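Listed below are the residues making up each chain.
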Amino acid sequence: LYQDAEVAQAELKKRLFNVAVDTGGSASVDIPEGLKDRQKAQTNIDKRCQGDASQLTDISRGSIVVDTLDEMKKAHQALVASGGVLSFEDRVSNPQSGSGYRDLQYCVEASNGHVSEVQIHLRALWEAKQDKGHEIYSEISGMYDTDKAEGRDLTGPEKSARNKLFKQSKKLYKGALAEAGIDLNDWDAPLPLFTGAEANAAAEAAPAALTLVANNG
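The model shown is predicted, which means the values in this text are computed figures rather than measured ones.

Caption draft 1: The packing of aromatic side chains, seen in detail. Throughout the structure, instances matching the rule amount to two aromatic pairs. When the ring of phenylalanine 88 is compared with that of tyrosine 106, the centres are 5.1 Å apart and the planes differ by 25 degrees; the resulting orientation is stacked. With phenylalanine 88 in strand 3 (residues 85-90) and tyrosine 106 in strand 4 (residues 103-109), this pair connects stretches of sequence that are 18 residues apart. For the pair phenylalanine 88 and tyrosine 106, a shared accessibility class is recorded, and that class is buried. Their ring planes at 75 degrees and their centres at 5.0 Å tell us that tyrosine 101 and tyrosine 173 sit as a pair that is edge-to-face. Of this pair, tyrosine 101 sits in the loop between strand 3 and strand 4 while tyrosine 173 is found in helix 5 (residues 156-180), placing the two residues 72 residues apart along the sequence. The pair formed by tyrosine 101 and tyrosine 173 is uniform in burial state, with each residue classed as buried. A cation sits over an aromatic face here: lysine 129 above tyrosine 101, 4.5 Å from the ring centre.

See below:
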């Protein structure tokens, strides 16, 4: 899995730099150094994939970061045009549950069949996430981990503390958008991914574990 991911990561780096060039404007690329930590990967396999490593799609990963909604749409179009997109989730229209973070997320297939995760971020949100957002997320995640490890539900005070963290997260990202002058009412959704025969071909090519989230109208 990690050998395939190394090949996929090298391809992904080239692909995303080309997408950034095609997007123009402020678009930049964020590629983590190295692959996902093996211990974190195993944790995600156990927690999110019911022990099935084939369902894990973020060992190889990368991001495009842009300043505006228009650039985000251009980056989306450029990434889809580059080929190999198996699934797409518009989390600008439907933000992450609880945290309020918004981005576009994709599963992209490399030439060797390995599936990588790609995200397109708004810079204002991405910077807020790097600054304070990760800290809040880690606190929330830690609560759920403790809950599962001890085989119990969160207590009343723990739920109140979690909800307070959710509110802090939403306030953080809402403020970041406002400071950057980004109005989500300007977001035209849903974005097209595939239509007609292209959608059917992509669905047939995608691994069963992946779900195609697209506008087929």
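There is more to say after this.
Caption draft 2: The arrangement of the pattern of salt bridges in detail. Scanning the model with the defined rule gives four salt bridges in all. For arginine 123, the salt bridge identified is with aspartate 67, shortest N-O distance 2.6 Å. You can see arginine 123 sitting in helix 4 (residues 123-149) and its partner aspartate 67 sitting in the loop between strand 2 (61-66) and helix 3 (69-81), a full 56 residues away along the chain. A salt bridge links lysine 73 to aspartate 70; the shortest N-O distance between them is 3.9 Å. Linking lysine 73 with aspartate 70, this pair stays in helix 3, spanning three residues, or about one helical turn. Taking relative accessible area as the criterion, lysine 73 reaches 14% and is therefore assigned buried.

Caption draft 3: How the structure looks around helix 5. The end-to-end C-alpha separation of helix 5 is 37 Å, in line with the 36 Å expected for 25 residues at 1.5 Å each. All of the buried residues along helix 5 are Arg162, Leu165, Phe166, Ser169, Tyr173, Ala176 and Leu177. At the C-terminal side of helix 5, glycine 181 shows a positive phi close to 75 degrees.

Caption draft 4: Representation of the pairing of strand 3. The element strand 3 is largely enclosed, with a buried count of five among its six residues. Note: strand 3 against strand 4, five bridges, orientation antiparallel. Residue pairing for strand 4: glutamate 89 is matched across the bridge by glutamine 105.

Caption draft 5: Summary view of the nonpolar core. Grouped together as the largest cluster of nonpolar side chains are 33 residues, with contacts concentrated most on Ile64, Met72, Leu104, Tyr106 and Leu122. Contributing elements (two or more residues each) for this core: helix 1 (2-23), strand 2, helix 3, strand 3, strand 4, strand 5 (115-122), helix 4 and helix 5. The dominant element in this core, judged by the number of residues it contributes, is helix 3, at five residues. Among residues more than four places away in sequence, those in contact with tyrosine 106 are His76, Leu79, Val85, Ser87, Phe88, Ser116, Glu117, Val118 and Ile120. Within the second largest apolar cluster, six residues are counted, among which are Ile136, Ile140, Met143 and Leu154.

Caption draft 6: Quick peek at the sheet that holds strand 1 (residues 28-30). Judged by pairing direction, the sheet is mixed, and its five strands sit side by side in the order 1-2-5-4-3 without closing on themselves. Looking at strand neighbours, the two that pair on one side only are strand 1 and strand 3, the edges of this open sheet. Sheet twist, expressed as the mean angle between neighbouring strand axes with direction ignored, is 20 degrees. Relative to strand 2, strand 1 is paired through three bridges, and the arrangement is antiparallel. Counted as the bridge partner of valine 29 is isoleucine 64 from strand 2. Where helix 1 meets the sheet, it contacts strand 1, strand 2, strand 4 and strand 5, and its direction lies at approximately 10 degrees from that of strand 2. Across the face of the sheet, helix 3 comes into contact with strand 2, strand 3, strand 4 and strand 5 while running at roughly 160 degrees to strand 5.

Cut-offs used in this document
- Residues numbered from 1 in each chain as written.
- Predicted model: local features only at pLDDT ≥ 70, side-chain atom pairs only at ≥ 80, totals over all residues.
- Heavy atoms only, no water.
- Phe/Tyr/Trp six-rings, centres within 6.5 Å; stacked < 30°, edge-to-face > 60°.
- Helix = DSSP H or I, 4+ residues; strand = E, 2+ residues; numbered from the N terminus.
- Buried < 20%, exposed > 50% of the residue type's maximum accessible area, 1.4 Å probe, protein only.
- Lys NZ or Arg CZ within 6 Å of the ring centre and 35° of its normal.
- Salt bridge = Lys/Arg side-chain N within 4 Å of Asp/Glu carboxyl O.
- Expected span 1.5 Å × (residues − 1).
- Pairing = 2+ DSSP bridges.
- Core = buried A, V, L, I, M, F, W, Y, C linked by side-chain atoms within 4.5 Å.
- Contact = heavy atoms within 4.5 Å.
- Axes fitted to C-alpha atoms, helices over the stretch in contact; angles between N-to-C directions.

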